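# A look at the structure
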Amino acid sequence: MSSRKEQKEALRQERLERERAAAAAAGRRRRLQIGGGVGLLAIIVAVVIVLLVSSGGGGGSSTASTTATKSGGDTGTPAGTQVGLQVTPAPWKPEYSDLAQRLQAFNFPQQTDVGYHVHAQLNIYVNGKQTPVPANVGIDPQGRFISPIHTHDTSGVIHMESAKFYPFTLAEFINVWGVYFTNNQLGSYK
C-alpha cells in the first residue's frame, strides 16, 4: 500500500516540477521579449537624437519640395519605398496616398499579432521640442490593409506585429509614416 502511495506522490512531485520548469521558461522568454523591445527602443531613441543633434537642428531650405520621389539608391532602401515621402518641417501627418506602394516595395512579412509582437517607444525632438508621432501610421484609413509596423495612438508606441520575426528598422517605420529619412536628413531637417 505504502509503495503505491509513494509512487503517486513521486509522480505528483515530478508533474509539479515540470510545471515549475515550464513556468520559469515562459518567464525567461517574456523577459527576453521585453528586453529586446527595450533595447530596440533605446536604439531608436539614440538614432533620432544623434540625427537631430548632428544636423544642428536646422530646417531645410525654403525651396524644398513637399514630397520626395526617390527610388532608393542613395539611402540603401529598396526602390519604391520612398515614393510620396514628406520633405517638410515637423509635425508630419501619416502619408497614405502612396503607402500601399511603399509597403509592397518593402515586402514585409504578413501582419498579425500572433507570432512576433513587440512594441518600442519612439520620441522625436526637433530643436529641443518633442514632435508627436501620430496615430494610425501604417493603417489605411479605408481599412484595406495594415502595415506590420504601425501606431494606434499618439503615445509614440510603435507596434511590430508579424507572422514571424522580422528585423524592423527605424528607417522602415519613418518611411511607412511617410517622412523622408536618410543618414543626414529627417523631413526638411538636415
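Our structure's up above, just so we're on the same page.
### Brief notes about the nonpolar core
The tendency in soluble globular proteins is for nonpolar side chains to be buried side by side. Formed by 28 residues in total, the largest nonpolar core has its most connected members in Leu122, Phe173, Ile174 and Trp177. Going through the elements one at a time, helix 2 (99–106), strand 3 (116–121), strand 4 (124–126), strand 7 (157–162) and helix 3 (170–177) are the ones with two or more residues in this core. For this core, the element with the highest residue contribution is helix 3, accounting for five residues.

### A short note on the side chain of Ser147
Examined against the element boundaries, Ser147 turns out to sit in the loop between strand 5 (129–131) and strand 6 (149–150). When its relative accessible area of 0% is taken as the criterion, Ser147 is described as buried. Within polar-contact distance, the side chain of Ser147 engages the backbone oxygen of Ile149 at 3.0 Å. If sequence neighbours within four positions are ignored, Ser147 has contacts with Leu103, Phe108, Gln111, Gly138 and Val176.

### A closer look at the pattern of salt bridges
Under the criterion given, the structure shown has four salt bridges. As a salt-bridge pair, Arg15 and Glu19 come within 3.2 Å of each other at their nearest N and O atoms. In this pair, Arg15 and Glu19 both sit in helix 1 (residues 2–54), four residues apart, roughly one turn of the helix. The partner of Asp140 in a salt bridge is Arg144, and the shortest N-O contact between them spans 2.9 Å. Since its relative accessible area comes to 4%, Asp140 is described here as buried.

### Let's talk about the packing of helix 2 against helix 3
Running from amino to carboxyl end, helix 2 crosses helix 3 at an angle of 155 degrees, the nearest separation of the two axes being 9 Å. Taken together, the axes of helix 2 and helix 3 are roughly antiparallel relative to one another. The residues of helix 3 that touch helix 2, namely those facing Leu99, Arg102, Leu103 and Phe106, are Glu172, Asn175, Val176 and Trp177. Here the contact of helix 2 with helix 3 is composed, by residue class, of five nonpolar, one polar and two charged.

### Here we look at helix 2
When we look at burial in helix 2, the residues that qualify are Leu99, Arg102, Leu103 and Phe106. Here the buried residues of helix 2 occupy an arc of 100 degrees about the axis, which is enough to place them on one side. Along its buried surface, helix 2 packs onto strand 2 (85–86) and helix 3. Positive backbone phi, at 55 degrees, marks Asn107, one or two positions downstream of helix 2.

### A word on the packing of aromatic side chains
Per the counting criterion, the structure on display carries eight aromatic pairs. Relative to Trp177, the ring of Trp92 has its centre 5.9 Å away and its plane inclined at 85 degrees; by these criteria the two rings are edge-to-face. With a gap of 85 residues between them, Trp92 in the loop between strand 2 and helix 2 and Trp177 in helix 3 connect regions that are remote in the sequence. Accessibility expressed as a relative area gives 2% for Trp92, which makes it buried. Classification of Trp177 by relative accessible area gives buried; the value is 0%. A centroid spacing of 4.8 Å and a plane angle of 55 degrees characterise the contact between Tyr166 and Phe168, whose relative ring orientation is tilted.

Rules used throughout
- Residues numbered from 1 in each chain as written.
- Predicted model: local features only at pLDDT ≥ 70, side-chain atom pairs only at ≥ 80, totals over all residues.
- Heavy atoms only, no water.
- Core = buried A, V, L, I, M, F, W, Y, C linked by side-chain atoms within 4.5 Å.
- Buried < 20%, exposed > 50% of the residue type's maximum accessible area, 1.4 Å probe, protein only.
- Helix = DSSP H or I, 4+ residues; strand = E, 2+ residues; numbered from the N terminus.
- Polar contact = N/O pair within 3.5 Å; in protein donor to acceptor, adjacent residues only side chain to side chain.
- Contact = heavy atoms within 4.5 Å.
- Salt bridge = Lys/Arg side-chain N within 4 Å of Asp/Glu carboxyl O.
- Axes fitted to C-alpha atoms, helices over the stretch in contact; angles between N-to-C directions.
- Parallel < 35°, antiparallel > 145°, perpendicular 65-115°, else oblique.
- Nonpolar A, V, L, I, M, F, W, Y, C, P; charged D, E, K, R; others polar.
- Arc of directions from axis to C-beta.
- Phe/Tyr/Trp six-rings, centres within 6.5 Å; stacked < 30°, edge-to-face > 60°.

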